[in-house]
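Okay, here's what each chain looks like letter by letter:
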Amino acid sequence: MISVNGESLDWSPGKTVRDVIREMNYRFPLLIVRIDGRLVPRGSYDSTAVPDGAEVDIIHLMSGG
Amino acid sequence: MDDRNMITVEIDGKPVTVEQDTTILEAARRIGVFIPALCSSDLVDPYAACRLCVVEVDDGRRKKLVTSCNYPLRRPVSVETSSEKVMRNRKTILEMMLARWPNVKLISDLAAHAGVSEPRFIHPGADLNPNACVLCGLCMRICEQGIWENIINFTGRGADRSVRMPYDSRQPHCIGCGACAEICPTGAITMADDPNQPYDAEMVRRAGMRVTEEMIKYDDEQCDMRGVGTAHLVEIMDAYDLLPVMNYRFGAHEDTPKISSDVFRQNYFSKGKPDGCWLGCTMACAKAIEGFRLKTGPYRGEKVLVDGPEYETLGGSSNMGVFDPDFVVEYNFYCDTYGLDTISFSTMTAFIMECYEAGVLDNVKTGGLEIPFGAGDAALELLHLIGRGEGFGLIAGRGIRYMKKYFAENFGADPAFLQDIGMEAKGMEYSEYVTKESLAQQGGYGIALKGAQHDEAWLIFMDMVNKQIPTFEDKAEALHYFPMWRTWFGLCGLCKLPWNDVEPPDNAETDEPAKVPGHVQGYCEFFEGVTGKPQTMDSLVRMSEKVYNFQRVFNLRMGFGRREHDVIPYRSAGPVTVEEYESRQERYDAQLKEDAGIDPKGMSSVEKVAALRKHREKQYEHLLDAVYKRRGWTSDGVPTVEKLLDLGIDFPDVLELVRKHGG
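On a predicted model such as this, the values are computed, not experimentally measured, just so you know. (Residues numbered from 1 in each chain as written. Chains lettered and ligands numbered in written order. Predicted model: local features only at pLDDT ≥ 70, side-chain atom pairs only at ≥ 80, totals over all residues. Heavy atoms only, no water.)

Visitor: Lay out the overall build of chain A in plain terms, naming residues and giving numbers.
Guide: The helix and strand tally for chain A stands at one helix and five strands. Along its sequence from the N terminus, chain A presents helices and strands in the succession β-β-α-β-β-β. Dimensions of chain A along its principal axes, counting C-alpha atoms only, are 40 × 25 × 20 Å. The long-range share in chain A, meaning contacts at least 24 apart out of those at least 6 apart in sequence, stands at 55%. Accessible area for chain A stands at about 3000 Å²; split by element, carbon and sulfur atoms hold 46% of it. Between the averaged position of the 7 positive side-chain charges in chain A and that of its 9 negative side-chain charges there is a distance of 10 Å. (Helix = DSSP H or I, 4+ residues; strand = E, 2+ residues; numbered from the N terminus. Contact = heavy atoms within 4.5 Å. Areas by Shrake-Rupley, 256 points an atom, 1.4 Å probe, with all protein chains shown as cover. Lys, Arg positive; Asp, Glu negative; His and termini not counted. Charge placed at Lys NZ, Arg CZ, Asp CG, Glu CD.)

Visitor: Just give me the short version of the overall build of chain B, but keep the residues and values in it.
Guide: Looking only at helices and strands, chain B has 27 helices and 11 strands in total. Considering only C-alpha atoms, chain B reaches an extent of 95 × 60 × 55 Å along its principal axes. Looking at chain B as a whole, 53% of its 663 residues qualify as buried. The long-range fraction of contacts in chain B, counting pairs at least 24 apart against all pairs at least 6 apart in sequence, stands at 61%. Across chain B, the centroid of the 75 positively charged side chains sits 3 Å from that of the 100 negatively charged ones. (Buried < 20%, exposed > 50% of the residue type's maximum accessible area, 1.4 Å probe, protein only.)

Visitor: How would you sum up the side chain of Asn247(B)? Please name residues and give values.
Guide: Within the secondary structure layout, Asn247(B) lies in the loop between helix 8 (233-239) and helix 9 (261-267). Discounting chain neighbours no more than four positions away, the residues touching Asn247(B) are Asn319(B), Thr347(B), Ala350(B), Phe351(B), Glu354(B), Phe373(B), Ile421(B), Met423(B) and Arg571(B).

Visitor: I'd love a proper account of the interface of chain B and chain A, names of residues and values included.
Guide: Counting from both sides, the interface comprises 33 residues of chain B and, opposite them, 22 residues of chain A. Taken together, chain B and chain A are joined by two salt bridges. Notably, a salt bridge pairs Arg42(A) with Glu503(B), separated by 2.7 Å at the nearest N-O pair. Inspection of the region where chain B meets chain A yields 10 residue pairs in polar contact (both at pLDDT 80 or more). Put simply, the parts of the chain that give the side of chain B that touches chain A at least two residues each are helix 8, helix 18 (460-465), helix 19 (472-492) and helix 20 (497-500) of chain B. The dominant element in the side of chain B that touches chain A, judged by the number of residues it contributes, is helix 8 of chain B, at four residues. Taken together, the residues that form the side of chain B that touches chain A break down as 15 nonpolar, nine polar and nine charged. (Salt bridge = Lys/Arg side-chain N within 4 Å of Asp/Glu carboxyl O. Polar contact = N/O pair within 3.5 Å; in protein donor to acceptor, adjacent residues only side chain to side chain. Nonpolar A, V, L, I, M, F, W, Y, C, P; charged D, E, K, R; others polar.)

Visitor: How would you summarise the pattern of salt bridges if you had to cite specific residues and measurements?
Guide: Residue and element names in this part refer to chain B. In this structure the tally under the stated criterion is 56 salt bridges over all chains. Residues Glu437 and Arg587 are paired through a salt bridge, measuring 3.5 Å at the closest nitrogen-oxygen approach. You can see Glu437 sitting in the loop between strand 11 (428-429) and helix 17 (439-446) and its partner Arg587 sitting in helix 24 (residues 585-594), a full 150 residues away along the chain. Owing to a relative accessible area of 30%, Arg587 belongs among the partly exposed residues under this scheme. Its salt-bridge partner being Glu477, residue Arg630 comes within 2.6 Å of it at the nearest N-O pair. Linking Arg630 in helix 25 (residues 605-631) with Glu477 in helix 19, this pair joins segments that are 153 residues apart in sequence. Looking at Arg630, the relative accessible area reads 32%, which means it is partly exposed.

Visitor: Can you lay out the sheet that holds strand 1 (residues 2-4) of chain A for me, pointing to particular residues and giving the numbers?
Guide: Residue and element names in this part refer to chain A. Spatial strand order, 2-1-5-3-4: five strands in an open sheet with mixed pairing. A strand with exactly one partner marks an edge of an open sheet, and here the two such strands are strand 2 (7-9) and strand 4 (38-40). Averaged over all neighbouring strand pairs, the angle between strand axes comes to 30°, with direction disregarded. Examined bridge by bridge, strand 1 and strand 5 (residues 55-60) share two bridges and lie parallel to one another. Across the sheet, the residue bridging to Val4 is Val56, located in strand 5. (Pairing = 2+ DSSP bridges. Axes fitted to C-alpha atoms, helices over the stretch in contact; angles between N-to-C directions.)

Visitor: Account for the side chain of Lys436(B), with residues named and values stated.
Guide: The residue Lys436(B) is located in the loop between strand 11 and helix 17 in this model. In this structure the side chain of Lys436(B) is engaged in a polar contact, spanning 2.8 Å, whose partner is the backbone oxygen of Tyr248(B).

Visitor: I'd like a rundown of the sheet that holds strand 1 (residues 6-11) of chain B, residues and numbers included.
Guide: All names here are of chain B. With respect to topology, five strands assemble into an open sheet ordered 2-1-5-3-4, the strand pairing being mixed. Bordering the open sheet on either side are strand 2 (14-19) and strand 4 (63-67), each of which pairs with just one other strand. On average, adjacent strands in this sheet sit at an angle of 35° to one another, irrespective of strand direction. With five bridges connecting them, strand 3 (residues 54-58) and strand 4 associate as antiparallel partners. Looking across to strand 4, one finds that Glu56 is bridged to Leu65. Against the sheet, helix 2 (residues 84-100) makes contact with strand 3, strand 4 and strand 5 (78-80), and its axis sits at roughly 160° relative to strand 3, the strand it touches most.

Visitor: Which residues make up the environment of Ser44(A), and what are the values?
Guide: In this structure, Ser44(A) sits in the loop between strand 4 and strand 5. Sequence separation of Ser44(A) and Arg18(A) is 26 residues, and the distance between their C-alpha atoms is 8.7 Å.

Visitor: Now, about the layout of surface pockets: what can you tell me, with residues and values included?
Guide: Put simply, the second largest pocket is a space of about 1200 Å³. As for the second largest pocket, its lining consists of 33 residues, of which Glu7(A), Glu437(B), Met464(B), Lys467(B) and Gln591(B) are closest to the centre. Residue assignment for the lining of the second largest pocket shows that the elements contributing at least two residues are helix 17, helix 18, helix 19, helix 24 and helix 25 of chain B. Class assignment of the residues belonging to the lining of the second largest pocket gives a composition of 13 nonpolar, eight polar and 12 charged. The residues that make up the lining of the second largest pocket include at least three from each of domain 2 (225-429) and domain 3 (446-660) of chain B. (1 Å grid on protein atoms, 1.4 Å probe; cavity = no way out; pocket = protein on both sides within 12 Å on 5 of 7 lines; lining within 4 Å. Points joined across faces, edges and corners; volume = space filled by probe spheres on them. Domains from an automatic or database assignment.)

Visitor: Explain the domain arrangement of chain B to me, and be specific about the residues and the numbers.
Guide: Residues and elements named next belong to chain B. In terms of domains, chain B is made up of domain 1 (3-82), domain 2 (225-429) and domain 3 (446-660). One C-alpha centre belongs to domain 2, the other to domain 3, and the line joining them spans 26 Å. Taken together, the contact pairs 29 residues of domain 2 with 36 residues of domain 3. Around 2500 Å² of area is buried between domain 2 and domain 3 when both sides are counted, 64% of it from carbon and sulfur atoms. (Buried area = accessible area lost by both parts, 1.4 Å probe.)

Structure follows, in structure tokens:
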């Protein structure tokens, strides 16, 4: 199990940041991802695995009018 | 990046591992190996015109000279950047350049670096100007590729080649963004200083160019503002249950894809280029639809150009329960033509539709209009009635606040129900976001000085998704900073969108990415460049705070500046009806249990609606207390005398007014 923005989410081996974003249906493009406080570069979402028990923060910035 | 896509090469004996298809020039720069290049920039595609970046590549079978700026690395190779063959080639090119442009410092520097001090050749057309154009083509390429314009290009051949605007005439399509001047390596293109005589025009331009660079490099992968404008938010808001559907009852709908930004990109937006509100804007998110044939109204059958639609116009359509792109374009056009705001029209029509479905209205009361949710034809007929000032249009056109009173007094409707579903605050219709799950955003609408508009503070993601502002104090701080900050754009006549609809590459690494500190610094420089007065984030906010508080006092004078005027319709804070509650029952039941401490087990839906309402209304009152405290206002929402003194707006009539209201 991992925590994403305070919500629990099932974990499975090899689950990447991209998988988490997809599962949470986070469609917004301006995201900042931190795993246990460590910043994940935007180009590495596909290759960064999320460890079991991790606290993932997926910060949405603002946009629009 | 997948390891299979990485490749290791050797440049001047140094190994470097890069992504496949990285150019040799880029790979060399990453390990600090200098390769001269005149026509190369990371803002435009490789051009391979100057030939100075030629290097020698050995792939194990043979050696060959290639231009490093456009040579993609796809297998392990060995590269020499200054072999004898390379240097002989490079020197010849530089000698020719030096002969033609002997006084251009960039050319003489590059020549000197290659060991050339005097050209072997004499050029009959040598240009002695130290700022001569060296025909690198960067200017025309950034105009075409970066700005999506084609204002300048090469003209003439051979020695007569030069960069010109078509027919040597000043082009009305040039937006004056300055990108060509900024990228010009010799100073051949310069910007004429603004006739407004800013204190430091260069400082202003550099601040602007940083945003232009970000637009060129990142907009495609970020918000695609130049491609579809704010319309990109339609599908996003739907995904987060924030797109208003049927008078804000719901936040998503299965038909949303019918009015998504892709539909407009593929079938409607006819301008394949950005369309700015004013010259010089390189975000240029306005969109246009050409040749749209109208189906209704005074221009029925005519083909017209439509400016839009933006997000709010699309969100307004879902709010009316209409998911027909033709309808969106038609109501957009006629709102513009009649001088109506699409937000106000759609929100008040959504209110009318709910009143119609709830039995408050019928087709007798509306003068024949049958107008349930989804009735696009009826909505357009109502729009024309408002435009002509006829029939039910005379009532509807006066807005929700008027209608609430009118329907109660003339149709016997329940005023409490109308207050709950009539989405206005201070007499202004809500814009198109569902705020039920974000207390901070409820405050953002309710406390906003002009009425229910999100442009003071859009906090839904921070609050509801990121959970960055969990306490009342956190929310109050956000409802202090962001309205003050965004007021500053109004003070300076600036659009807010370039602040946070494109993001600097290092924004994630800053302490407060939501504030986009890199851009705030740019605005400080912009202000200093115009006025000569250095600024900080705090000083900009302080400017706004003076005006914001003055505006609050103005509201007070006009009868809108107290706590009772910051009330919101309950639809903004929670589910009004059983139907709404039951549509998100799992969510609301959990909130009752976890947030309100009430076990929903055994409660009827009506009881749950009432219990949740009691809880949420209390939360909103706590929020007002916290925000007023943070802003230095009384518990009645009136700026205190101390606050006015602190801000230096303690004019006698202002003090007299706030004292009268307990300030």
